[in-house]
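# What the coordinates show
The lines below spell out each chain.
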Amino acid sequence: MADSSAPSAAAAPRTTKIIAGADPFGAPLKDALVSHLRDTLHIEVEDLGTGPYYSIAADVGRRVSSSGGSETRGLVACGTGCGVSIFANKFPGAFAATCLSVADAVNARSINNSNILAVSATSTPPGPAVEILRAWLDTPFKSPCPASGDQPWSDDLQEFLDRALVETPKIGVPASEPDDSASCAICCLAKRRELNPIDIIPGGSMKILRETPTSAIVRFKAGSVEPAHHHTFGHDLVVLEGKKSVWNLTKKERHDLVVGDYLFTPAGDVHRVQYHEETEFFIKWDGHWDMFFDEDLETAKKAIAEESSSLP
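Residues numbered from 1 in each chain as written. Predicted model: local features only at pLDDT ≥ 70, side-chain atom pairs only at ≥ 80, totals over all residues. Heavy atoms only, no water.

Another point: the sheet that holds strand β4 (residues 96-98). Overall, parallel pairing links the five strands, which are arranged β2-β1-β3-β5-β4 in an open sheet. In this open sheet, the two strands that pair with only one neighbour each are β2 (44-50) and β4. Across the sheet, the axes of successive neighbouring strands diverge by a mean angle of 20°, strand direction being ignored. Relative to strand β5 (residues 116-120), strand β3 (residues 72-78) is paired through five bridges, and the arrangement is parallel. Along β5, the bridge assignment pairs Val76 with Ala118. Sitting on the sheet, helix α5 (residues 126-138) is in contact with β1 (17-22), β3 and β5, with an inclination near 165° to β5. (Pairing = 2+ DSSP bridges. Helix = DSSP H or I, 4+ residues; strand = E, 2+ residues; numbered from the N terminus. Axes fitted to C-alpha atoms, helices over the stretch in contact; angles between N-to-C directions. Contact = heavy atoms within 4.5 Å.)

Here it is, written out as C-alpha cells:
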C-alpha cells in the first residue's frame, strides 16, 4: 500500500522548464536525466551543455535566479555534486541542493524549496538518479518528509518555512534601492561602490556590483587574466581606472585600454583579457548574462607570454 504521507506529483507546483548543465565528469549523468525529462516526463529542457564546473553551474544559477518563477528549475552535475552546487548558489533566489538519495531530494524540496538539483556522477548511477530527480520534481514545499518523520510539519514550523520562503531570496540583493535621481547609469553605480567578491573566473580576482540586470562596475586585481570566452550578447565597456588588454580572437584584433577608453565586443566574439594594473570598468550588456569559456587558464597565460616574448 502506498504511503499516504508521500508527496504526490499532482500536489507539487508544475515545473515547465529545466535549465541543465554539467562539467565533463557529470555530463553522462546529466545527459541521462535530460533524456528522461524530455522523453518520459515531456518537460522542456534548456541544455547548456558541458563546461568547467564553476562556470556552467553559475550559468544555470544565473538563469534560474532571473526566471522569477517556480515553473523554472535547474539541474547541475559534476563528480561530487558539491562544486556545481556551490557556484549555482551564488545568485539571489537560486537554491541548489546536492542530493545523493531520494530522502535528500524530498527534504531539500520540503524544507528549502530547492529549485536547483545537484547530482553526483561518481556516487549515483543513472537509475537511482532518475528516482532522485522524480522525487525532487514531485515534492511540494512543506510536505511531509523524512526530516519531519514523514508527518506534517507543526504549525510553528510551517510559519517558519513560510517566512524563510519570503526572506531567503532577499539574501545577496543590495539592501538599498537604486538612486533614481541619477540620470547617468555610471554615476549612479559609482555612488554606491560597496563591492562584494565573486570568484567565478579562473585567473581573475574580481569584485562586482550589479546595479541592474544589464550593467555593473567590475574591479580586477593587477595580473588577473580572463581566459578566452564568449557571450551570447554584445557588451560595451568604459575603463574607469587602470589598464587592460583585450584580444578579440575572432577578429584577430588587440585593444590596449586605459582610463576613459571605450570598447564594444559583439555577441559571439571570442576574447581574452589581461589586467596590467588594478582595473575598474563599467560594463553594460544586452540580455541575460552568460559566459562560455573557449580555453583554460594555462593556455591563456601561455598565449599572452608568447606574444610578450615576441615583442621587440
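Further remarks concern the packing of helix α1 (residues 27-40) against α5. Relative to each other, α1 and α5 sit at 55°, their axes nearing to 10 Å. Judged by the angle between their axes, α1 and α5 are oblique. Here the hand of the crossing between α1 and α5 comes out right-handed. For the pair formed by α1 and α5, the contact residues are Leu29, Ala32, Leu33, His36, Leu37 and Thr40 on the first element and Pro126, Ala129, Val130, Leu133, Arg134 and Leu137 on the second. When the residues that make up the contact of α1 with α5 are grouped by side-chain class, the tally is nine nonpolar, two polar and one charged. (Parallel < 35°, antiparallel > 145°, perpendicular 65-115°, else oblique. Left-handed = near helix turned anticlockwise from the far one by under 90°. Nonpolar A, V, L, I, M, F, W, Y, C, P; charged D, E, K, R; others polar.)

On to the sheet that holds strand β16 (residues 292-293), then. Spatially, β12-β11-β14-β9-β16 is the arrangement adopted by the five strands of the open sheet, whose pairing is antiparallel. Strands with a single pairing partner mark the edges of an open sheet, and in this sheet they are β12 (253-257) and β16. Judged from the two bridges that link them, strand β9 (residues 225-230) and β16 form a sheet pairing that is antiparallel. Across the sheet, residue His229 finds its bridge partner in β16, namely Phe293. Across the sheet, helix α8 (residues 297-310) lies against β9, β11 (244-248), β12 and β14 (271-275), angled at about 110° from β9, the strand it touches most.

Within the largest apolar cluster, 28 residues are counted, with the highest numbers of intra-cluster contacts made by Ile18, Leu37, Leu75 and Leu117. Of all the elements in the fold, those that place two or more residues in this core are β1, α1, β3, α4 (102-112), β5 and α5. Of the residues forming this core, the biggest block, six residues, is contributed by α5. Setting aside anything within four residues of it in sequence, one finds Leu75 in contact with Ile18, Ile19, Ala20, Gly21, Leu33, Leu37, Val60, Ile116, Leu117 and Val119. (Core = buried A, V, L, I, M, F, W, Y, C linked by side-chain atoms within 4.5 Å. Buried < 20%, exposed > 50% of the residue type's maximum accessible area, 1.4 Å probe, protein only.)

Attention now moves to α5. Over its 13 residues, α5 extends 18 Å from the first C-alpha to the last, a length consistent with the 18 Å expected when each residue adds 1.5 Å. Among the residues making up α5, those that are buried are Ala129, Ile132, Leu133, Ala135, Trp136 and Leu137. Packed against the buried residues of α5 are β1, α1, β3, α4 and β5. (Expected span 1.5 Å × (residues − 1).)

As a further point, take the pairing of strand β13 (residues 262-265). The alternating pattern of β13 places Leu263 and Thr265 on a buried face and Tyr262 and Phe264 on a face that is not buried. Pairing of strand β10 (residues 235-241) with β13 involves four bridges; the strand directions are antiparallel. Looking at β13, one finds that His235 is bridged to Thr265.

Let's shift gears to the packing of aromatic side chains. Using the criterion set out here, one finds seven aromatic pairs in the structure. Between Tyr54 and Phe87, the ring centres sit 6.3 Å apart and the planes meet at 65°, which makes this aromatic pair edge-to-face. Residue Tyr54 is found in helix α2 (residues 53-67), and its partner Phe87 is found in helix α3 (residues 82-88); the two are separated by 33 residues along the sequence. On the basis of an interplanar angle of 10° and a centroid distance of 6.2 Å, the ring pair of Tyr275 and Phe281 is categorised as stacked. The same class applies to Tyr275 and to Phe281, which are both buried. An aromatic cluster is built from Tyr53, Tyr54 and Phe87, whose rings are joined through pairwise contacts. Cation over ring: Arg73 sits above Trp136, and NZ or CZ is 4.8 Å from the ring centre. Lying across the ring of Phe281, Lys244 places its NZ or CZ 3.8 Å from the centre. (Phe/Tyr/Trp six-rings, centres within 6.5 Å; stacked < 30°, edge-to-face > 60°. Lys NZ or Arg CZ within 6 Å of the ring centre and 35° of its normal.)

This part takes up the confidence of the model for the chain. With 80% of its residues at a pLDDT of 70 or more, the chain shows a mean pLDDT of 83. The secondary-structure element of the chain with the lowest mean pLDDT is strand β6 (residues 196-198), recorded at 42, while β5 shows the highest, at 97. Across residues 1-11, where pLDDT falls below 50, the model places 11 contacts with residues more than four positions away in sequence or in other chains. Segment residues 185-200: pLDDT under 50, and 45 contacts once partners within four positions in sequence are set aside and those in other chains are kept. (pLDDT = per-residue confidence, 0-100.)

Glancing now at the environment of Trp285. Looking at the secondary structure, you find Trp285 in strand β15 (residues 279-285). On a C-alpha basis, the gap between Trp285 and Leu237 in space is 8.8 Å, while along the polypeptide they are 48 residues apart.

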